[in-house]
Amino acid sequence: MIAAKVSLPSPAYLAATTFDPGLAASGGPSSARELGEALAEIIHAEIGLLVSRGVRLIQLDNPLLLGHVAAGPTAPGALSFEDALAVEALAVRPDERPEGVRIGVCPGRRAPDAVDRARVERLYGAVPADRWILPYDRGTAAELDLLRALPPERDVCLGVVDATTPELEEIDTVLARIDAGAEVKDIEDMALSPSRGFADVATRPLLGAEDQRRKLVLVETLARYCWGNEF
């Protein structure tokens, strides 16, 4: 078995950022929602292929879900929050998933300034992800609110350091954030990661080898503080 982690693009995010209304007249999708549904089927099939090859942890990165909101229903690439949830759920389906296979969703690279509790609860309830990879590297109230809204039975991985900047926080500072999270979520259920998602890291300058090593050593040290220490 390959205990691998693979990151895939989010169908909702791809639809919102690539839909071209001008192609509808030539037989293309008539809306971002229609494009998203077609992409969701493709990514669902890709997930099945990865699973058949032994991959057991798959992550979808979707900055749409916490950040980007369509400017308006007629805007190019417009995709409402409700449409984004529906499209994502088509890709992250639990049917025919073997035991031990988990799908994680990273809903945003940064927490919003303030969390709409009802909206976040709809997010967690509509997308059947096994694990949520949440931003947790700034110590804001919104980051804690994202964790607080998570249902008790849902698995979580916290991106506890900024993997795209060379600065290294004091370990006690990060531990204080983890302790705050432990007040609302069992610390034994937490996993830690050096970033919110691969999309975040891929779009920003790479760190040098020594800075990357220092970041990983810090996260590894912190992971020993939790039981759920699988990246």
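For the structure, check the block above.
Below is a short write-up of the structure. Along every chain, residues carry numbers that run from 1 in the direction the sequence is written. In view of the model being predicted, local features appear only for residues whose pLDDT reaches at least 70, and side-chain atom pairs are presented and counted only at 80 or more, with totals across whole chains, interfaces and linings using the full set of residues. Excluding hydrogens and water, the side-chain values take into account all heavy atoms of the structure.

### Topic: the overall build of the protein chain
Consideration 1: Looking only at helices and strands, one finds eight helices and six strands in the protein chain.
Consideration 2: Helical segments are the DSSP runs of H or I of at least four residues, strand segments are the runs of E of at least two, and each set is numbered from the N terminus. Listing every helix and strand of the protein chain by position from the N terminus yields β-α-α-β-α-β-α-β-α-β-α-β-α-α.
Consideration 3: Burial classes follow relative accessibility: with a 1.4 Å probe on protein chains only, a residue under 20% of its type's maximum area counts as buried, one over 50% as exposed, and anything between as partly exposed. With 231 residues in all, the protein chain has 45% of them scored as buried.
Consideration 4: A contact between two residues is defined here by any heavy atoms of the two lying within 4.5 Å. The contacts in the protein chain between residues at least 6 apart in sequence include a share of 83% that link residues at least 24 apart.
Consideration 5: Exposure was quantified through the Shrake-Rupley algorithm and a 1.4 Å probe, taking into account, for residues, occlusion by the shown protein chains and nothing else. Put simply, the protein chain shows about 11200 Å² of open surface, and 56% of that area lies on carbon and sulfur atoms.

### Notes on the nonpolar core
Consideration 1: Only buried residues count toward a nonpolar core. Its members are Ala, Val, Leu, Ile, Met, Phe, Trp, Tyr and Cys residues joined through side-chain atoms within 4.5 Å. Membership of the largest hydrophobic core comes to 59 residues, with the highest contact counts inside it found for L123, Y124, W132, L158, V160 and L192.
Consideration 2: Here the element with the most residues in this core is helix α2 (residues 32–52); it accounts for eight residues.

### Details of helix α3 (residues 81–91)
Consideration 1: Listing the buried residues of α3 in full gives F81, A84, L85, V87, E88 and A91. End-on, the buried residues of α3 take up no more than an arc of 170 degrees, which puts them together on one face.
Consideration 2: As for α3, its buried residues are in contact with α1 (11–18), α2, β2 (57–61) and α4 (117–126). In this description, the arc belongs to the directions extending from the helix axis to the C-beta atoms.

### Digging into the pattern of salt bridges
Consideration 1: Each salt bridge in this description consists of a side-chain nitrogen of Lys or Arg and a carboxyl oxygen of Asp or Glu lying within 4 Å of one another. In this structure the tally under the stated criterion is 13 salt bridges.
Consideration 2: Between D137 and R110 there is a salt bridge, with its nearest N and O atoms 3.0 Å apart. In this pair, D137 is assigned in the loop between β4 (131–135) and α5 (141–148) and R110 in the loop between β3 (102–106) and α4, connecting sequence segments 27 residues apart.
Consideration 3: What makes D137 buried here is its relative accessible area of 9%.
Consideration 4: Put simply, R117 and E121 hold a salt bridge, and the shortest N to O gap is 2.7 Å. Placement of the pair is R117 and E121 together in helix α4, with a separation of four residues, close to one helical turn.
Consideration 5: The partly exposed category is assigned to R117, whose relative accessible area is 39%.
Consideration 6: Among the residues examined, E121 registers a relative accessible area of 38% and is labelled partly exposed.
Consideration 7: Linked by salt bridges that have partners in common, R33, E37 and D83 make up one network.

### Digging into the pairing of strand β5 (residues 155–159)
Consideration 1: Of all five residues in β5, five are buried, a share of seventy percent or more.
Consideration 2: Alternating positions in β5 separate into two faces, D155, C157 and G159 on one and V156 and L158 on the other, with burial throughout.
Consideration 3: By the convention used here, strands pair only if DSSP detects at least 2 bridges between them. In this sheet, strand β6 (residues 190–193) lies alongside β5 in parallel orientation, the contact comprising four bridges. Bridge pairing in β6 links C157 to A191.
Consideration 4: Traced from β5 through helix α6 (residues 171–182) to β6, the parallel crossover comes out right-handed. A crossover counts as right-handed when, viewed with the strands pointing away from the observer, the path leading from the first strand over the helix to the second turns clockwise.

### Some thoughts on the packing of aromatic side chains
Consideration 1: Under the pairing criterion, centres of Phe, Tyr and Trp rings, with the six-membered ring standing for Trp, must be within 6.5 Å; the plane angle then separates stacked pairs below 30 degrees from edge-to-face pairs above 60, leaving the rest tilted. Across all of its chains, the model carries one aromatic pair by this definition.
Consideration 2: For the ring pair Y124 and W132, a centre distance of 5.1 Å and an interplane angle of 65 degrees mean the geometry is edge-to-face.
Consideration 3: Here Y124 falls in the buried class, since its relative accessible area comes to 1%.
Consideration 4: For W132, a relative accessible area of 0% corresponds to the buried category.
Consideration 5: A ring is considered to have a charge above it if a Lys NZ or an Arg CZ atom is located within 6 Å of its centre and within 35 degrees of its normal. Of note, R119 hangs over the ring of F81, and the distance from its end group to the ring centre comes to 3.8 Å.

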